[in-house]
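Tertiary structure, described
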Amino acid sequence: MPRPLLAITREISPAIAQCELTHLRRVPIDLARARAQHLGYEQALAGAGCAVERLGTASDLPDSVFVEDIAVVVDECAVIMRPGAASRRREAPLVAEALGRHRRLVFILPPATIDGGDVLVVGRRVFVGRSARTSEEGAEQLRAALGPAGYDVRAVPVRGCLHLKSAVTAVSADTLLINRAWVPADPFADFRLLDVDPTEPYGANAVLVDGTVIYPAAFPHTRARLEADGLQVRPVEMDELAKAEGAATCCSLILR
Ligand code: CIR
């Protein structure tokens, strides 16, 4: 019997309007609508087989809902990130406390920085985006943490987007969804690659849970490509959180 899946999520901060923004212009965020969409996302995770544990937030944690950036979880341990944005480092203690109930913890130490959104784990392969948030030393500390457990950790350049997982995510055990404008394809030569529709550059971020692809409703053309490939897609509305530069994977940490 496979062990059950747990998805850790985190409440949207009442201060989300003060979130970090890198590539987007600040526009008003409707907190009630964002919360309703976040609940829909949690329901999609539950529908795909996850028990959902939602952590609390605070008014000094504007980006707390984007819990993925705070940790990388594998079977053997949880690595607690040191986010590239200083405002986000206060998010780590509560996430570490929650993960510490399930995994041995390893901490990324200063001056290294690394965001979980830059880390794509597919089986024993780990790709680390060298974005503005993730330093070479951050990638090296992750390699030191995961290498001994048999993970192959390599750095990948990204350009034009916030994180590696803005540009490429897994949609099955052997298939990646990619926007080649933001990340080169050659590091992923061992995988089948599905390209986003050219009109949907933000469409490369999907959450894969036990064969279900949880995917933003905002990208119907790329969704059609996923379905044409035989994948089971569950659309979720996430456009309000997208105004805070968040994608689908950023809102959960999924572990067995
Ligand atoms: C930030 O800039 O850190 C947040 N406003 C958005 C983080 C999104 N995280 C992700 O894509 N993994």
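Before reading on, note that the structure itself is shown above.
Residues numbered from 1 in each chain as written. Predicted model: local features only at pLDDT ≥ 70, side-chain atom pairs only at ≥ 80, totals over all residues. Heavy atoms only, no water.

1. Side note on the site of the ligand
Operational definition: We call a residue near a molecule or strand whenever a single non-hydrogen atom of that residue lies within 4 Å of it. Polar contacts here mean pairs of N or O atoms no more than 3.5 Å apart (in protein, one a potential hydrogen donor and the other a potential acceptor; neighbouring residues in sequence count only if both atoms are side-chain atoms). Per-residue accessibility takes into account occlusion by the displayed protein chains alone, with areas from the Shrake-Rupley method and a 1.4 Å probe. In the cavity and pocket records, a cavity denotes points on a 1 Å grid over the protein atoms alone where a 1.4 Å probe fits but cannot get out, a pocket denotes an open set with protein on both sides within 12 Å along at least 5 of 7 lines, and lining residues are residues with an atom within 4 Å of a point. Cavities and pockets are treated as containing a molecule whenever more than half of the molecule's atoms lie within 2 Å of their grid points. When residues are grouped by polarity, Ala, Val, Leu, Ile, Met, Phe, Trp, Tyr, Cys and Pro land in nonpolar, Asp, Glu, Lys and Arg in charged, and all others, Gly among them, in polar.
In the vicinity of the ligand, 14 residues are found, and the nearest of them are Glu20, Asp63, Glu68, Asp69 and Ala244. Glu20 is positioned with one of its backbone polar atoms (N or O) 2.7 Å from a nitrogen atom of the ligand. Within the contact set of the ligand, a nitrogen atom lies 2.8 Å away from a side-chain nitrogen or oxygen of Asp63. Contact with the protein chains removes 98% of the 350 Å² of surface that the ligand exposes when unbound. Mapping the ligand onto the cavity grids shows that it belongs to the largest cavity. When its residues are assigned to classes, the shell around the ligand shows four nonpolar, three polar and seven charged.

2. Remarks on the packing of aromatic side chains
Stated precisely, the cut-off is as follows: To pair, rings of Phe, Tyr and Trp, with the six-membered ring standing in for Trp, must have centres within 6.5 Å; the planes then decide the type, stacked if under 30 degrees apart, edge-to-face if over 60, and tilted in the middle. Only DSSP runs of H or I covering at least 4 residues are called helices, and only runs of E covering at least 2 are called strands; the numbering of each starts at the N terminus. Exposed residues in this analysis have more than 50% of their type's maximum accessible area, buried residues have under 20%, and partly exposed residues fall in between, with area computed by a 1.4 Å probe over protein chains only. Two limits define a charge over a ring: the Lys NZ or Arg CZ must be within 6 Å of the ring centre, and within 35 degrees of the ring normal.
Taken as a whole and judged by the stated rule, the model has four aromatic pairs. On the basis of an interplanar angle of 75 degrees and a centroid distance of 5.2 Å, the ring pair of Trp182 and Tyr202 is categorised as edge-to-face. Of this pair, Trp182 sits in the loop between strand E10 (175-178) and strand E11 (192-195) while Tyr202 sits in the loop between E11 and strand E12 (207-209), and the two are 20 residues apart along the sequence. The class for Tyr202 is partly exposed, based on a relative accessible area of 43%. Taking NZ or CZ as reference, Arg124 lies 4.3 Å from the ring centre of Tyr151, over its face.

3. With respect to unusual backbone geometry
The linkage connecting Pro110 with the following residue, Pro111, adopts the cis geometry, with an omega of 5 degrees. By the element assignment, Pro111 lies in the loop between strand E5 (105-107) and strand E6 (119-122). One non-glycine residue, Asp210, lies in positive phi territory at about 45 degrees. At Glu245, a residue that is not glycine, the phi angle is positive and equals roughly 70 degrees. Locating Glu245 in the fold gives a position in the loop between helix H6 (239-242) and strand E15 (253-255).

4. A few points about the layout of surface pockets
To find leftover empty space, a probe the size of one water molecule is rolled over the atoms. Threshold: Grid points are joined across faces, edges and corners, and a volume is the space filled by probe spheres set on the points.
Here the largest pocket is characterised by a volume of approximately 1,000 Å³. Residue lining of the largest pocket: 32 residues in total, with Val73, Val121, Val122, Leu208 and Ile254 positioned closest to the centre. The element best represented in the lining of the largest pocket is E6, accounting for four residues. Tyr202, Ala242, Glu245, Gly246 and Ala247 are, among the 26 residues lining the second largest pocket, the residues nearest its centre.

5. Structural notes on empty space enclosed by the protein
Inspection of every chain in the model, using the stated rule, returns two cavities of 30 Å³ or more. Of the pockets and cavities examined, the largest cavity occupies roughly 110 Å³. Lining the largest cavity are 14 residues, with Phe66, Arg88, Leu162, Ala244 and Glu245 positioned closest to its centre. Of the residues in the lining of the largest cavity, the class split is five nonpolar, three polar and six charged. Considering only enclosed or pocket space, the second largest cavity measures out at about 30 Å³ in volume. Lining the second largest cavity are Ile16, Ala17, Cys19, Leu21, Arg26, Val27, Ile29 and Lys243.

6. Details of the side chain of Thr113
Along the polypeptide, Thr113 turns up in the loop between E5 and E6. From its side chain, Thr113 meets the backbone oxygen of Arg133 in a polar contact 3.0 Å long.

7. Re the environment of Val74
In plain terms, the rule: Contact criterion: two residues are considered in contact whenever any of their non-hydrogen atoms come within 4.5 Å of each other.
Following the sequence through the fold, Val74 ends up in the loop between strand E3 (71-73) and strand E4 (78-80). We classify Val74 as buried; its relative accessible area is 6%. For the pair Val74 and Ala149, spaced 75 residues apart in the sequence, the C-alpha separation amounts to 9.7 Å. Once you skip the residues sitting within four places of it in the chain, Val74 turns out to touch Arg103, Val121, Leu146 and Tyr151.

8. With respect to the pattern of salt bridges
We count it as follows: Note on definitions: salt bridges are taken to be side-chain nitrogens of Lys or Arg within 4 Å of carboxyl oxygens of Asp or Glu.
Applying the stated criterion to the full structure yields 20 salt bridges. For Glu42, the salt bridge is made with Arg54, and the minimal N-O distance between the two is 2.6 Å. Note that Glu42 is positioned in helix H1 (residues 31-47) and Arg54 in strand E2 (residues 50-55), a separation of 12 residues in sequence. With a relative accessible area of 45%, Arg54 lands in the partly exposed category. Between Glu91 and Arg88 there is a salt bridge, with the nearest N and O atoms lying 2.8 Å from each other. In terms of burial, Glu91 and Arg88 fall into one category: buried. What emerges from the salt-bridge pattern is a single network uniting Arg33, Asp239, Glu240 and Lys243.

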